[in-house]
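Okay, here's what each chain looks like letter by letter:
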Amino acid sequence: MAKIAVLERKCTGCGLCVKNCPFGAIDMPNGKPELNAACKVCGICVKSCPEHAIIKLETKTEDVDKSKWNDILVYTEVSGGRLHPVGLELIGKALELAAPVGFKVKAVLVGSGVAGYAEELRHYGVSEVAVYDDPELGYFRADAYASCVEDYIKHAHPSVVLVGATSLGRSLAPRLSTRFRTGLTADCTRLELRQNTDLVQIRPAFGGNIMAQIVTTHTRPQFATVRYKVMSAPVRNDVASGDILARKLPKAVADSNASLVSVTAVPPKKSISDAEILVVGGRGLQKESDLDMIKELASLLGGDWATTRPLVEKGWTTNERQIGLSGRTVRPKLIITCGVSGAIQFTSCMNASDHIVAINSDKDAPIFDVAHIAIVDDLYKVVPELISRLKEARA
Amino acid sequence: MNIFVCIKQVPATNKVQVDEETGVLKRGGVASKMNPYDLYALETALRLKAEHGGTVTVGTMGPPQAQAIVREAYMMGADDGYVFSDRRLGGADVLATGYTLSQAIHSVGDFDLILCGKQTTDGDTAQVGPAIAEYLSIPHAAWVSKLTLSGDGVDAEQQLQDVIETVHMPFPCLVTVEQDIFMPRLPSLKTAREIGDKPIHIQGLDTFLDTDEAHYGLSGSATQVERIFPPANDTEHELWQDGDNAERLESQLKKWKFI
């Protein structure tokens, strides 16, 4: 059972909690708050305490009535003045999941000047777009954004909430799922919805070559994050449908005491996620300068280059170039991996690519399980020779 | 300024065993190390302390063997260290882990700043930091690559899509840091000699404010691992072994019209 506790060490005895409690459940017999039997564990005192001295003792909520939680909500991120494409991909997946159980798909937009994107989202098959548009939301504060989505979840009671695993989404989602004392599964690569509305979430796990199937059976909503380029965006309908619901800024947004210092627009960085052709160097590369041939092959093919985590750990390159669970997910038309062994954290972030060519001298390397063309050979032979052939063809 | 750094012991290799029945990681008998991303959080804490004074406390949830990483943190310069160890804490998901660490932090004291690495290399979720902040009702910023002290709090640089937003958060607050924030120092033998066998605090559930074991570990978790399975290897592939593979690849790329 949940209950409320007071951290006496932190309490200054200001009495705000007594004033704010709607049930008259707090007394201050000895200058410090004590809760009486009228407490409904609503949590208003927790939020109103300026000293963070009142906490709720609870993890997961009691078993919920699943029939009261319906539909799928997609958080459609806008940042840097652009609707992130992962939102559309999630709407596509949500529509697939929703149809067999008769769920609708809804979207929520949070930010300043985001109302315009709602009209665009109406072309993708959602039944409702909730909009929180206010200058107060002009920059990202996880707690304030969470308060907006919380407000809409309490209004709409979605069974499932999908959030794009961007840096914003991965900061927001755990805050929200914790607020609802429910489950959250990161970086799902596959999602299915059971007839009883339990979401089957599959992700690479435990840092090993293994997948885990995870469910949130007793609480709602069920939160999951999915990376950009894992699901496919739906086709845009010419005819718009669905309603736009402008929501008032929830009061709780004012509780956030974070404030903006500065905003710097960075030119849309060329990300390896956007490349159509990728050449990847792995641990099979013997020294840092050998990355040059990876770069050269990439440039001859008109593509970009990337690496695996070990090379980032060696300091040969940065995280932005890294494919994998601690880097980026990619889905190019062509990917050529050179000396990559293929741990699941890597393969799960590139195995949706159209054409996968793997070069590795170890015929048992797990990368060959996902490759369309498995070249068991020395990369130091194949890559330089391919480079000179491509150069010759050019000359 | 008092800083608490969350650290975790992770397997040193990625070939680990999983209990098929419970889906819980078998940690016994596997070589382990400090989660590499936590080193950046610890380094950030030590630099802030060097510049502005205060204390750096580290804490980890794990088996008693996790003392090894607290010792390592001492060798890097941490002032105080805790292992929160209790069988009843085992098998926790994000919800229960975040709760445990928030209770643990309450049990240790009051901190201005809580720092975490961006994610662990075994769970790879990056979710526990923000979950702790929510339980503590304090603001947080994630994936921060620049952190400076400013007035009554910190300015944290968050890299979002096409934009860098720097937010000011008053203390207390929580920050998860990116690996490009600072280069972590190596554990120092000199420090090791100086501190000798400086004690490590080992605490269980009974030292927490909430001693209800239903709120921790597997029973306090909202998610269940139903099944663990190897990834499907059903990709049809062509195997090329002998012969001139460069030539063959060139003609294949032509066939696919990439060249």
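This text goes with the structure placed above it.
Summarised in this report is the structure supplied together with it. As the structure is a computational prediction, the values presented were derived from the model and not from experiment.

All names here are of chain B. For strand β11 (residues 163-170), the buried fraction is high: eight of the eight residues fall into the buried class. What you see with β11 is no split at all: V163, E165, V167 and M169 on one side and I164, T166, H168 and P170 on the other are buried throughout. Examined bridge by bridge, strand β10 (residues 153-160) and β11 share eight bridges and lie antiparallel to one another. Bridge pairing links L160 to V163 in β11. From the end of β10 to the start of β11, which pair antiparallel, there are two residues, and D162 there has a positive phi angle of about 60°.

Residues and elements named next belong to chain A. Of all the seven residues making up strand β8 (residues 105-111), seven are buried; the element is thus mostly covered by neighbouring parts of the structure. Residues V105, A107, L109 and G111 line one face of β8 and the alternating positions K106, V108 and V110 line the opposite face, and both faces are buried. Here four bridges tie strand β5 (residues 72-75) to β8, and the two strands are oriented parallel to one another. Note that in β8 the partner of I72 across the bridge is V105. The pairing of β8 with strand β9 (residues 128-133) spans six bridges and is classified as parallel. Bridging from a neighbouring strand, V110 pairs with Y132 of β9. Handedness of the crossover joining β8 and β9 through helix α4 (residues 115-121): right-handed.

Each side of the interface is counted separately: chain A has 104 residues, and chain B has 90 residues. In total, about 8400 Å² of surface goes out of reach between chain A and chain B, with carbon and sulfur atoms giving 55% of it. The tally of links between chain A and chain B comes to nine salt bridges. In this structure, A:R194 engages B:E226 in a salt bridge whose closest nitrogen and oxygen atoms are separated by 2.8 Å. By residue number, the principal contributor to the side of chain A that touches chain B is helix α6 (residues 167-179) of chain A, which donates nine residues. When grouped by side-chain class, the residues that make up the side of chain A that touches chain B number 49 nonpolar, 31 polar and 24 charged.

For side chains of opposite charge, pairing can occur when their charged atoms come near one another. Residue and element names in this part refer to chain A. Considering all chains together, one arrives at 44 salt bridges over all chains under this definition. Measuring nitrogen to oxygen at the nearest pair gives 3.0 Å for the salt bridge that ties R247 to D151. A residue pair is termed long-range when its members are at least 10 positions apart, and R247 in the loop between β16 (243-246) and β17 (259-265) and D151 in helix α5 (residues 142-156) qualify at 96 residues. Looking at R247, the relative accessible area reads 23%, which means it is partly exposed. By relative accessible area, D151 is classed as partly exposed at 23%.

Rules behind the numbers
Residues numbered from 1 in each chain as written. Chains lettered and ligands numbered in written order. Predicted model: local features only at pLDDT ≥ 70, side-chain atom pairs only at ≥ 80, totals over all residues. Heavy atoms only, no water. Buried < 20%, exposed > 50% of the residue type's maximum accessible area, 1.4 Å probe, protein only. Helix = DSSP H or I, 4+ residues; strand = E, 2+ residues; numbered from the N terminus. Pairing = 2+ DSSP bridges. Right-handed = clockwise from strand over helix to strand, strands pointing away. Contact = heavy atoms within 4.5 Å. Buried area = accessible area lost by both parts, 1.4 Å probe. Salt bridge = Lys/Arg side-chain N within 4 Å of Asp/Glu carboxyl O. Nonpolar A, V, L, I, M, F, W, Y, C, P; charged D, E, K, R; others polar.

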